[in-house]
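Chains, contacts and geometry: an overview
Residue strings, one per chain:
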Amino acid sequence: MFRCSLDHMAIVAPSLADGVAYVQQTLGVTMQVGGEHPRMGTHNYFLKLGDKVYLEVISINPAAPRPDRARWFQLDEPDSSRPIRLATWIARTDDIYAAAAASPVPLGDVEPMSRGPINWLITIPKDGSLPLQGIAPALIQWPPGTHPTSTLQDMGCSLVRLEVFHSNTKKVNSVLEAIGFQGDLRVSALPPGEQPYVVAHIQTPTGPRQLSSPN
């Protein structure tokens, strides 16, 4: 039976500078340079949050050619009311094809991706959308023995818990059960019509903090 666990969370931003500044202002720590994703025309920064758990800030790379497809994480159609936000989370699995097929909500096609020498598989909807408005995860599968946290500096931050808010908690929980998710994820209900959102509770060197969308 395949299993999934929390791998990382993605903050989307109009630029890396904006996203990194939000994290630094909120958590009081500096992020680490990531790299570029040639197939998507994006680039990123990282912050280690534990063993095989990290935070990513991702944005369109203005120096890269525009891809002939929709970029991931809804970067081509930003949320004008929340241009910087914790947009979604990504679940690590040991059988991405089976987990993606089992999900009652389409999570996207399984595609190969790369950043420098690192390669992996990830689910990406063709239109670049976020499944269940970012509340359902993307799935990722790393090659054996490979994970970005092995090269990240420990800045003294750790993930306490992740919370997701959606008006249809039954649907969210059905996805989690179907993909074999194991871990501490709190699913909370919203009134119908309210915009879904994600909140990460993070312990920092100066105390507990929350990441979601800047006020």
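Bear in mind the structure is a predicted one, so any value in this text is a computation, not a measurement.

Attention now goes to the sheet that holds strand E8 (residues 138-141). What the 8 strands build is an open sheet, ordered E2-E3-E4-E1-E5-E8-E7-E6; its pairing is mixed. The strands lining the two open edges of the sheet, one partner per strand, are strand E2 (32-37) and strand E6 (109-115). The mean inter-strand angle of the sheet, taken between neighbouring strand axes irrespective of direction, is 30°. Against the sheet, helix H1 (residues 16-27) engages strand E1 (4-12), strand E3 (42-50) and strand E4 (53-60), with an angle of about 145° to E4.

So, on to the pattern of salt bridges. Two side chains with opposite charge may pair up if their charged atoms get near one another. Under the counting rule described, the total for this entry stands at 9 salt bridges. Here Arg71 and Asp76 are joined by a salt bridge, their closest N and O atoms 2.6 Å apart. Residue Asp76 is classed as partly exposed on the basis of its relative accessible area, which comes to 27%. Through salt bridges with shared partners, one network takes in Arg39, Arg69 and Glu111.

A few words now on the nonpolar core. Met9, Ile11, Val23, Leu47, Leu55, Trp89 and Leu139 are the most contacted members of the largest nonpolar core, which totals 44 residues. For this core, the element with the highest residue contribution is H1, accounting for 5 residues. If we ignore the near neighbours within four places in the chain, the residues touching Val23 are Ile11, Gly28, Met31, Leu47, Leu55 and Val57. In terms of nonpolar packing, the next biggest core, distinct from the first, is built from 21 residues, Val12, Phe73, Trp142 and Leu152 among them.

With 12 residues, H1 should reach 16 Å at 1.5 Å per residue; the first-to-last C-alpha distance of 16 Å fits that figure. Among the residues of H1, Leu16, Gly19, Val20, Tyr22, Val23, Thr26 and Leu27 are the ones counted as buried. Buried residues in H1, looked at end-on, bunch into an arc of 155°, giving them a common side. For H1, the exposed residues lying more than 90 degrees away from the buried face are Ala17 and Gln25. On its buried side, H1 packs onto E1, E3, E4, strand E11 (197-204) and strand E12 (207-211).

With that settled, consider the sheet that holds E12. One open sheet holds the 4 strands; their spatial order is E10-E9-E11-E12, and the pairing between them is mixed. Looking at strand neighbours, the two that pair on one side only are strand E10 (185-189) and E12, the edges of this open sheet. Taking the axes of each pair of neighbouring strands and ignoring which way they run, one obtains an average angle of 20° across the sheet. Two elements, strand E9 (residues 158-166) and E11, share 7 bridges in a ladder whose sense is antiparallel. When the bridges of E11 are listed, Phe165 appears paired with Tyr197. Lying over the sheet, H1 contacts E11 and E12, oriented at roughly 150° with respect to E12.

Here the focus is the side chain of Ser59. Along the chain, Ser59 turns up in strand E4. With relative accessibility at 0%, the residue Ser59 sits in the buried group. One polar contact links the side chain of Ser59 to the main-chain amide nitrogen of Leu16, over a distance of 3.2 Å. Setting aside its immediate chain neighbours within four residues, Ser59 contacts Ala13, Pro14, Ser15, Leu16, Thr42, His43 and Leu75.

How each quantity is defined
Residues numbered from 1 in each chain as written. Predicted model: local features only at pLDDT ≥ 70, side-chain atom pairs only at ≥ 80, totals over all residues. Heavy atoms only, no water. Pairing = 2+ DSSP bridges. Helix = DSSP H or I, 4+ residues; strand = E, 2+ residues; numbered from the N terminus. Axes fitted to C-alpha atoms, helices over the stretch in contact; angles between N-to-C directions. Contact = heavy atoms within 4.5 Å. Salt bridge = Lys/Arg side-chain N within 4 Å of Asp/Glu carboxyl O. Buried < 20%, exposed > 50% of the residue type's maximum accessible area, 1.4 Å probe, protein only. Core = buried A, V, L, I, M, F, W, Y, C linked by side-chain atoms within 4.5 Å. Expected span 1.5 Å × (residues − 1). Arc of directions from axis to C-beta. Polar contact = N/O pair within 3.5 Å; in protein donor to acceptor, adjacent residues only side chain to side chain.

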